[in-house]
Structure formats: C-alpha cells, structure tokens
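Structural overview
Residues per chain, in single letters:
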Amino acid sequence: MDKSSALEYINQMFPNEASLTGVEPLMQKIQNEIRTVDAGILAAVRQQSNSGTKAKEDLAAATRAVEELMYKIREIKTKAVQSETMVQEICRDIKKLDFAKKHITTTITALHRLTMLVSAVEQLQVMASKRQYKEAAAQLEAVNQLCSHFEAYRDIPKIIELREKFKNIKQILKSHVFSDFSSLGTGKETEETNLLQQLSDACLVVDALEPSVKEELVNNFCNRELTSYEQIFEGAELAKLDKTERRYAWIKRRMRSNEEIWKIFPSSWHVSYRLCILFCKKTRKQLEDILSNLKEKPDVGTLLLALQRTLEFEDELAEKFGGGTQNREIGNEIEEIGRGANSSNNASDIRKKYEKRLNAHQGSESEEKNGTKDLAVPGAGFNFRGIVSSCFEPHLTVYVELEEKTLMDSLEKLVQEETWDIEEGGQSSVLSSSMQLFLIIKRSLKRCSALTKSQTLFNLFKVFQRILKAYATRLFARLPKGGTGIVAAATGMDGQIKTSDRDERVICYIVNSAEYCHKTAGELAESVSKIIDHQFADGVDMSEVQDEFSAVITKSLVTLVNGLETKFDIEMAAMTRVPWGTLESVGDQSEYVNAINLILTTSIPTLGSLLSPVYFQFFLDKLASSLGPRFYSNIFKCKQISETGAQQMLLDTQAVKTILLEIPSLGRQTSSAASYSKFVSREMSKAEALLKVILSPVDSVADTYRALLPEGTPMEFQRILELKGLKKADQQSILDDFNKHGPGIKQTPITPTIAPAPPVAPVAPIPTVALGLVGSREDVLTRAAALGRGAATTGFKRFLALTEAAKDRKDGPFRKLFNP
C-alpha cells in the first residue's frame, strides 16, 4: 500500500488518543506475520534450489537418450542399403526377362495389325473397283483406325508403301463418287432404279473421307443445280427488275420437285440450306448488275415491289432454316411512339422484353467473340435477312424522296384543315394536326422499317426531322404578329401585339402542341435508334427538332405576355392622364386599376386551365417582370404628382400588387405561388419606393432616393424633382448636392417590405433623431418605412390624419418627417 493509504489506515485504526493503547498488540501481531512470511520465503528458496539440480540431471539424461537414438538410426540405414543391393542382384535377371516379354508382345501386336492393315487395304481396293460404296465406307473407317496405330512407324518403308496405296484408293473412290453424282439431275435416276440407293451409299463414303471432299461435292452439286438459273435469268427477257418475283418462284419450284431426290443426302450436310445461300449470292450479284445498268431512276413502285418480294423470300428462308420475330418486335416499338403514360404495357412486360433483347444481344456478342458461328449449319449464325435485299439500299433514294413529298403534302393539308381549336370535352388540349402528323410519321416509319433498317431508314429519319421543323415553322407563323409598316411606326404601335380571347386560347393550344411534339419527337428518335442498324444508331438524334419546338413554346409564351401588355396600354395611358398634381383627397383605387383587374380576371382563368403548371409559372414570371418595370416607368410619364397624388398612386400600387399576387389562384395553379409572390413583391417594391421618394420632404428627398433606389441615375432623380413640381432654380441646388454626394449610397440595397397587418394595429413610434441636410441611411429608411407601414396598417385616410396632426405638433415622431 502506498504512503497515503498507510496514513489513512493508521488514522482509521487509531482515530483518537484513547485508541493508542492498542499499538503494542498491533505491533506484536504485525511482527508475527512478518516472521511467518520470512519463513515461507526461506522454504520456497530451498525448494527452488533443489528443483534446479533435478532439472540439470533430467537434461543430461535426455541428451544421452538422443545420442543413443541417433546411433540406432544410422545402423538401420546401413542395413537398408545393404538389403536394397541384395534385392537388385537377385532381381536383375527377372527384369531382363520382363523387358523381353514386353517387346515381344508389342512386336506381335504390331505384326498382327500390319497384317490386318494389308488385308484391309487390299479388300478396300477391290471394293473401290467394284463401287461397293456401302462396304467401302465401313472399310474406310477400319483402315483409318488401323493407320492411326502406325503413326510412330510412318518412316518405315512398308508403312510408307501402304499409306501411299491407301491414298490412291481414296482418290479412286472420290473420282468414282463424283462421276456417279454428275448424273444426278440429268434424268438417269428415273431410268436406273438403283442409282439413288447407290448415291446414298456413296454419301457414306464421302463422310468417311476428308471433310474437304464433302465440301467440294456439295459445292459442285449446288453450282450445277444453279447453272440453268444463271442462264435463264441472265437473258434479256427475264433480266429485269419487274421479273424479280420469278427468281424466287423458280428456286421454290426446284426445291419442291427435287425434294424426294435430294433425300439421298444426309441431313447433316444441309444441302438445301447451302443451295439457298448460293442462290441468294448469285441473285444479289445479278440484281446489283440490273440496278447499276439502269439509265434513269427506277420506278418507285417496281423497285418497292421487287424489294418487298425479296424481303418475303428472305423471311421464308429465315423461318425455314432458323429465324425470329424481328418484324413483330419492331412494330411494337413503333406503336409505342406517342403513347407516353397511356401505354398498355405494364412495367413487368417492358422489363421482360428488354431483358430478352439484352440476353440475345449478349449471346450474339459472345458467339462472335468466341468464333463459334458455323455458316454451314442452319440457324448457327448465317442471317438470310438482308442477304439479297441489301443490294437495293443504294437505289432507295427515290423512295425517300417520294416519302418526303407525301409527308410534306400531308403536312400542308393538315395545316390548312386545322381549325386551331379543341373540341369541347376533349381529354387533351393539343391540336389535332400535331397528333395526326405523328400518326402519319409512324405509318411511314412502319413502311420503311418493313423494307430496310439501314441507310434508307436513316435518310427517312432525316426527312422526319425536316417535316417536324416545318411544322414548328407553321406553328410559329400562326402566332399573332405585331404591327408593322409606316403607320404602325408613326403611331408608336410598331412591334405591339394585339390578342383577342380566341388568340390567347390558340396560343395555349400551340404551346401544348409544341410540348407534345417535343416529347413525342424524343420518343420517335428512341424508337428509331432501337430499330435501325447499330452503325447508324449514334446519328439518330432529335435535339435540333426539340430545340425548334422549345423556341416555339418560348415565343408563344412571350407573345401571350406581349398581348396582355398591349391590353394594358389604354390603362397605362389612362394612368398618366389622371391629374395627380391637383388631387384633393385620397379615395378608393383608381379606375385604371379596376380595368387592369378586369383584364386579368378575364384572361388568367382560361390560361391557367389550358397551360401546364410549368409553362403557366413561366408566363407568370414573364408577366410580373414586364408589368413591374412598366408600372415603374409609367410613373415618370405623369406630368406632376402632388403629395395627395402620390398617396393615391401608392394606394393604386398596392392594389395592383394585390391583383398580381392573386393571379395563381385565378389560374387555379398555386404550386409555385411562393416564389412568384417573392418575384412580384420585388418588382412592385421599386414603384412603391419611387412613390415614397416623391412623398418625402424636399430637403431629404436626395437621401431618401439614395436609400430606397440606390441604383438610380441623376437623370431619373431630376425627373422626380420635376414630378414634385419644383422649379428649375430649386432643382439645381438639390441636384448639385445630389451629384456632390454621389448618385447612390454604396451599401447593399435593402428594399423595405410592406407587410399587411390588422387594421387596429398601432403605428410604432419612430425615435426622434436630429437630421441635417444629409441624414444617415438608417434614418431615411426608418422614415420611409413609417410611410409604408402607416399606409399598409390603417389605410391612407388614417395615414393622412396622422401626418396632418404631426405637422401641427412641435414635437413627436412625425415632426421630423416634414420639418427639419
């Protein structure tokens, strides 16, 4: 125990003097314990000493035991070497005999196989001379197996002789088989009944020979079968584009008539499959020559008919030798264009469809990567689709030109027949011409995708882009235009747009149609990119077309705002004609405010019901950003504004601001009302600040202007002085002082916010601060806020009563507002 613990222990044992009598017994007890511990320690030391001595003895004994063990191991190893030597001497003769037996057995086996090989070769030679194909096929397999056992002896003269003889026999068999097959198709098979059976047996021989023999035989047969085809369709009579269908009828007829005869070929040879491939290649070459030798553009009908028949033939071959439902999937892709959320496919169906397509694509990629495709096996990689029809691709420009002309004529007809109105009770507010246009485009896409999915489809997609851009131009042209010409320029109406209620509805329909076209154009590009060949997929893009429709939407909304602005022209002019300088009292809001309210309540509900929330919000922002600055600049157009006139105008400003804030609820779209309210308050607060500057006393007008309108200009300030009715001489001194101190207070401008409060709320007193000609910014803002707070709290009549009473008092918070 440490020192502190010992002290605590002692103090605990002897807390007072009386307890010291127990010191002696305690000391005696502790000494006894010490003696006991010492005795224990001594005993432990003695025991440890004895244990060390015993450990040394045990270690020495273990060392001796290890030495004895090592000696015994060496002795055993020596005896083992001696035993091995003895065994080898005993078995030496036995080993020699074993090797001799093994060599004799191998020699006997080789001689036996050699005898069999010699006999088999001789028998095969006899069979080949007698054309016993069935027996020769089995004998060939036997000789091939026997020859494989003599690969290690191929340098021995006898083996060389036998191999050379076997090679000659196979060559004889090959020549006999080819000679017999040359009579196939000449009519001999009907005269000689056993010829087909003989040729069927000959196929067994061919299978037993090298694979190159089978390839050569099948190629010879296919070329011989198509010799008459080339001769017939290279003539002047049938070597025409309109005779293309006869080519496919010829090969179908040929395959039907010879179906029974061609059964002599093993099914693993796929003779019909190989024959069709060769037929397609020869047909493609002849059609390429016909199309290249045309002196003028081919007739579109003839060209498309030939292409259609070619595609049908390719589909038949693909289904016969392995194909899929590619065209059906493409049709489904096209049908989904323009459906959007109304598509009948649920999420699971769509996921399954794309998972299937992805698996098929990954499977084909892995086959190409691993090189496992075998063109000689049906369905293992050769694609009949496009093998012939691709030769039409460079000559389909006439088809694309015809489609473009048809689409453009349809577009003009749709625009001419467009009523620019929507049927009552309709589910959408989109023009019928836009939906009809995409319906026509989908039909054109279906026609083209059924013919080709290569360059021609890409060229047609470019046509779709031009057609949609042309439609965007038609929508743009339908928007109301501003006045132009000498008369419009002279009357100040140049560029102004007048819109009726119907014009506003038409503009909304144009906005919705452009939005529909923007969305559907993207779906069209997505569908085409899935259909078209992969090398063209990256070039399928509708961004330029979508930009065109976005520009139409923007222009339409701006036109809508400009049309409403034009409706406000008369009211703005009426505002400037009010005798603001001679008003005797402040009353209710002015007539022009009521007229503005009437215009908005008439137009906004219709616009809110037709426009989507996004575009309605854009329209509101544009309207607020237009009306706010316009109302502000319109104040400067007034001749003179007295104090009473400024108060009345401030009341009108508040009314206009309230009207603008109620627009979202008028349009029944309040999703973005908060941000719009901030926008309106910011724009209209400038007009309020301007009127507060006009209301301020002459001696502090410059300070108030700097505080409330820090971005103002000296010219604007001079116009304010003119509105206050100051003479030129009085203006000059104020202007000099204004220019001397700078046009604005170089601090962050703080626009006072006028918040409505209950009518009975008292007006907060303003601390009395001594103001000089140049007061501090905070004092000016306090005074201006008092003006706005009093007007918004109790109405202008209460405000006038307070200010008139303040003028007559010698002290009080309002005294400093009017008297320095």
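What counts and what doesn't
- Residues numbered from 1 in each chain as written.
- Predicted model: local features only at pLDDT ≥ 70, side-chain atom pairs only at ≥ 80, totals over all residues.
- Heavy atoms only, no water.
- Helix = DSSP H or I, 4+ residues; strand = E, 2+ residues; numbered from the N terminus.
- Buried < 20%, exposed > 50% of the residue type's maximum accessible area, 1.4 Å probe, protein only.
- Contact = heavy atoms within 4.5 Å.
- Areas by Shrake-Rupley, 256 points an atom, 1.4 Å probe, with all protein chains shown as cover.
- Axes fitted to C-alpha atoms, helices over the stretch in contact; angles between N-to-C directions.
- Parallel < 35°, antiparallel > 145°, perpendicular 65-115°, else oblique.
- Nonpolar A, V, L, I, M, F, W, Y, C, P; charged D, E, K, R; others polar.
- Patch = residues over 30% accessible without salt bridge, like charges linked within 9 Å, V, L, I, M, F, W, Y side chains within 5 Å.
- Salt bridge = Lys/Arg side-chain N within 4 Å of Asp/Glu carboxyl O.
- pLDDT = per-residue confidence, 0-100.
- Phe/Tyr/Trp six-rings, centres within 6.5 Å; stacked < 30°, edge-to-face > 60°.
- Lys NZ or Arg CZ within 6 Å of the ring centre and 35° of its normal.

A count of helical and extended segments in the protein chain gives 31 helices and zero strands. Here the protein chain holds 820 residues, and 38% of them are scored as buried. Taking all contacts inside the protein chain whose residues are at least 6 apart in sequence as the whole, residues at least 24 apart take part in 78%. With the model as given, the accessible surface of the protein chain reaches about 46300 Å², and the carbon-plus-sulfur share is 54%.

Mapped onto the secondary structure, V656 falls in helix α24 (residues 643-661). Those residues in contact with V656, other than ones at most four positions away along the chain, are V593, F631 and M684.

Glancing now at the packing of helix α15 (residues 432-451) against helix α18 (residues 501-531). Packing of α15 against α18 brings their axes to within 11 Å, and their N-to-C directions diverge by 10°. Taken as axis vectors, α15 and α18 run roughly parallel relative to one another. Contacts from S434, M435, F438, I441, L445 and S449 in α15 reach S513, Y516, C517, T520, A521, L524, V528 and I531 in α18. Looking at side-chain class alone, the contact of α15 with α18 contains ten nonpolar, four polar and no charged residues.

Among the structural elements, Y615 can be located in helix α23 (residues 613-636). Since its relative accessible area comes to 18%, Y615 is described here as buried. For the pair formed by Y615 and C508, sequence separation is 107 residues and the distance between their alpha carbons is 9.6 Å. Y615 has contacts with V511, E515, I553 and L557, leaving out every residue within four places of it along the chain.

The next point concerns a nonpolar patch on the surface. On the surface, V66, L69, M70 and I73 cluster together into a nonpolar patch covering about 370 Å² of accessible area. Within the secondary structure layout, V66 lies in helix α2 (residues 23-130).

Our next topic: the pattern of salt bridges. One pass over the structure, following the stated rule, counts 24 salt bridges. In this structure, R284 engages E288 in a salt bridge whose closest nitrogen and oxygen atoms are separated by 3.1 Å. Here the residue R284 and the residue E288 both occupy positions in helix α10 (residues 271-292), the gap between them amounting to four residues, near one helical turn. On the basis of relative accessible area, E288 is assigned to the partly exposed category, the value being 30%. K657 is paired through a salt bridge with E688; the nearest N and O atoms lie 3.8 Å apart. Taken as a pair, K657 in helix α24 and E688 in helix α26 (residues 673-695) lie far apart in primary sequence, 31 residues in all. Residues K657 and E688 agree in their burial class; the two are buried. One salt-bridge network, in which partners are shared between bridges, spans E245, R309 and E312.

When pLDDT is averaged along the protein chain, the result is 77, and 78% of the positions lie at 70 or above. Scored below 50 in pLDDT, residues 341-358 makes ten contacts in the model with residues more than four places away or belonging to other chains. Long-range and interchain partners of residues 484-494, a stretch whose pLDDT sits below 50, account for eight contacts in this model, where long-range means more than four residues apart.

What the rule picks out here adds up to 17 aromatic pairs. Seen from their ring centres, Y229 and F279 are 4.7 Å apart, and the 55° between their planes marks the pair as tilted. Taken together, the residues Y229 in helix α8 (residues 227-233) and F279 in helix α10 connect sequence positions 50 residues apart. Take Y229 and F279: they sit in the same class, and that class is buried. Judged by centre distance (6.5 Å) and plane angle (75°), the rings of Y248 and F279 are edge-to-face. Here Y248 is found in helix α9 (residues 244-257), whereas its partner F279 is found in helix α10, with 31 residues between them in sequence. With relative accessibility at 0%, the residue F279 sits in the buried group. An aromatic cluster is present here, built from Y229, F233, Y248, W250, F279 and F313 joined pairwise through their rings. Over the face of the ring belonging to F178 we find K174, whose NZ or CZ atom lies 5.7 Å from the ring centre. Against the face of F321 rests K320, its NZ or CZ located 5.7 Å from the ring centre.

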